[in-house]
Structure formats: structure tokens, C-alpha cells
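Structure at a glance
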Amino acid sequence: MCGRYALSATPEDIKTHFQLLRQARFKPSYNIAPAQKILNIVELEDGSRKSVNLFWGLVPSWAKDRKISSHLINARMETIREKPSFRSAFKQRRCLVPATGFYEWKKQDGGKQAFYIHREDNKLFSFAALWEQWQHDTETLYSCTIITTAATELMRPIHNRMPVIISPEHYHEWLNKTASPDDAYMLLSKPSYSEMNARPVSDWVNNPAHDDERCII
């Protein structure tokens with residue numbers, strides 16, 4: 001799964017990496033948790049890209065209330081095309097979540113050990129994600145979920161799931177609304193962890209209220 005990550009890049013880094021027309025508005029963080037508004041990248045009809053801040057925890061358009069969001073912070077790749085919560089968003093509302101690293105916890109004797117997974121050069125990468133619009137009476141909520149898949153050799157000793165990473169050369173293919181859903185689905189299986197590194201970090205990150213560089217040390 002993916003339940004905590006970091007985005008320590010600058011607005012200029014984001015603008016350059018995603019080829020945005022305007023700088024993104026966000027607060028860099030070393031400890032981003034669900035139920036927060038997080039930075040997403042979407043593609044407009046003219047092919048340009050825009051940054052938006054969406055609530056992390058998907059609320060499908062048909063949901064009676066927002067409570068379902070806590071169960072939909074992640075979407076499993078294997079069932080994304082069939083599950084009612086995600087199938088419509090997968091066809092029409094794909095997005096990217098920028099990150100500089102993410103956390104996973106390994107079960108072991110005496111508790112859990114936190115690991116920080118990041119690129120070897122510590123540069124930006126992107127999670128495959130979906131977004132949705134929910135409206136109830138006068139309230140409108142834009143929300144998102146991060147897609148996960150079975151763990152690679154790097155991640156398997158830590159956890160059996162991991163977030164899907166979309167490589168930069170495939171950003172347009174993933175974001176393009178006119179792309180075939182079958183073609184988009186194939187991108188979720190592309191190799192993307194060859195430049196990633198996983199290392200243990202202190203338990204400082206365990207508390208979502210802790211948000212500084214000590215989370216990755």
C-alpha cells in the first residue's frame with residue numbers, strides 16, 4: 001500500500017519536471033498522510049498540464065457521504081478496471097502525484113521498522129493516481145487515490161504492495177484523456193523501480209505530526 005510519502009521539492013522543481021505553465025501551489029512536506037489535500041498533476045484538453053490540490057482518499061460520485069474516503073486512499077491495480085469505486089475514474093480521470101520518496105513499514109520482532117524508498121539521486125518521481133468529483137447538496141469535493149501493485153524484488157522484503165510509479169516518458173500517455181484504457185492500463189506494469197533505493201529510518205516518521213528532515217534519517 002501507500003499511506004505516507006514525502007514531497008520536499010521546490011515549486012520550481014515541480015514546474016520544470018512536469019512542464020507546467022504556472023508554478024504549483026503546495027507546502028513541501030516530509031510526512032504527507034491521507035485525509036490531507038495533496039498535490040496532483042492533471043492534463044487539460046489542449047495538452048497542457050496543471051497542478052491541483054486534491055483530498056487524499058477517493059470519494060466516488062455515487063457515495064452517500066465522505067466516510068468511504070478512508071478506505072479508498074489506494075486503488076489496487078489488479079481490480080481497478082472492474083471495481084465500481086475506480087472504473088469510471090480510471091477511464092476518464094487519471095492523474096499523477098509528485099513525490100520525492102515514500103514510507104513503508106516492515107513487520108519484525110518487537111514492532112515495525114520504517115523504510116524510506118526514494119530515487120538514488122533523490123529527484124522527483126510520480127505515483128499513478130485517479131481523481132474524482134463528489135457533490136452533495138452545496139458541497140463539492142475533489143479527491144484522489146494512489147494506485148498500488150504487487151511488490152518488486154526491492155520492496156518484497158518490506159511489504160507485499162507498493163505504489164505504481166509512472167516514468168516521465170509515459171506521463172502524457174497516462175494523463176491523456178483520449179488514450180485507450182487498455183493502453184493506459186499497460187503503463188501500470190512498466191518497470192519503474194530500477195533507480196529506487198530503500199533504507200531504514202528512525203521511528204520519528206511514525207507520528208504524522210512530525211514533519212521535518214528527521215523523517216528520512
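Criteria and cut-off values
- Residues numbered from 1 in each chain as written.
- Predicted model: local features only at pLDDT ≥ 70, side-chain atom pairs only at ≥ 80, totals over all residues.
- Heavy atoms only, no water.
- Helix = DSSP H or I, 4+ residues; strand = E, 2+ residues; numbered from the N terminus.
- Rg over C-alpha atoms; globule rule 2.2 N^0.38 Å.
- Areas by Shrake-Rupley, 256 points an atom, 1.4 Å probe, with all protein chains shown as cover.
- Buried < 20%, exposed > 50% of the residue type's maximum accessible area, 1.4 Å probe, protein only.
- Contact = heavy atoms within 4.5 Å.
- Pairing = 2+ DSSP bridges.
- Axes fitted to C-alpha atoms, helices over the stretch in contact; angles between N-to-C directions.
- Polar contact = N/O pair within 3.5 Å; in protein donor to acceptor, adjacent residues only side chain to side chain.

**Let's talk about the overall build of the protein chain**
Across its full length, the protein chain carries four helices and twelve strands. Taken over the C-alpha trace, the protein chain has a radius of gyration of 17 Å; the compact-globule value for 217 residues is 17 Å, and the two agree within 12%. Here the C-alpha coordinates of the protein chain stretch approximately 45 × 40 × 30 Å along the principal axes. Element-wise, carbon and sulfur atoms account for 49% of the exposed surface of the protein chain, whose accessible area totals about 11,100 Å².

**Describing unusual backbone geometry**
With a phi angle near 55°, Gln-19 is a residue other than glycine that sits in the positive phi range. For Gln-19, the position within the fold is in the loop between helix 1 (11-18) and strand 2 (29-32). Overall, Gln-19 belongs to the exposed group, its relative accessible area being 60%. One non-glycine residue, Asp-137, adopts positive backbone phi at about 55°. Turning to its location among the elements, Asp-137 is positioned in the loop between strand 9 (125-136) and strand 10 (139-150).

**A look at the environment of Trp-62**
Looking at the element boundaries, Trp-62 is found in the loop between strand 4 (49-56) and strand 5 (74-76). The spatial distance from the C-alpha of Trp-62 to the C-alpha of Gln-135 is 8.8 Å, given a sequence separation of 73 residues. If sequence neighbours within four positions are ignored, Trp-62 has contacts with Ile-68, Pro-84 and Ser-85.

**Thoughts on the sheet that holds strand 8 (residues 111-119)**
Strand pairing in a sheet relies on backbone hydrogen bonds, with the paired strands running either antiparallel or parallel. Taken together, the five strands give an open sheet; going across it, the order is 2-1-7-8-12, and neighbouring strands pair in antiparallel fashion. The sheet is open, and its two edges are formed by strand 2 and strand 12 (196-200), each paired on a single side. Strand-to-strand twist across the sheet, computed as the mean angle between neighbouring axes with direction ignored, equals 30°. Relative to strand 2, strand 1 (residues 5-7) runs antiparallel, the two being bridged by two bridges. By the bridge assignment, Leu-7 is partnered in strand 2 with Ser-29.

**Observations concerning the side chain of Arg-161**
Examined against the element boundaries, Arg-161 turns out to sit in strand 11 (residues 161-163). In terms of polar contacts, Arg-161 uses its side chain to reach the side chain of Glu-78, at 2.9 Å. Excluding anything up to four places from it in sequence, Arg-161 contacts Met-1, Arg-76, Met-77, Glu-78, Thr-148, Thr-149, Ala-150, Ala-151 and Met-155.

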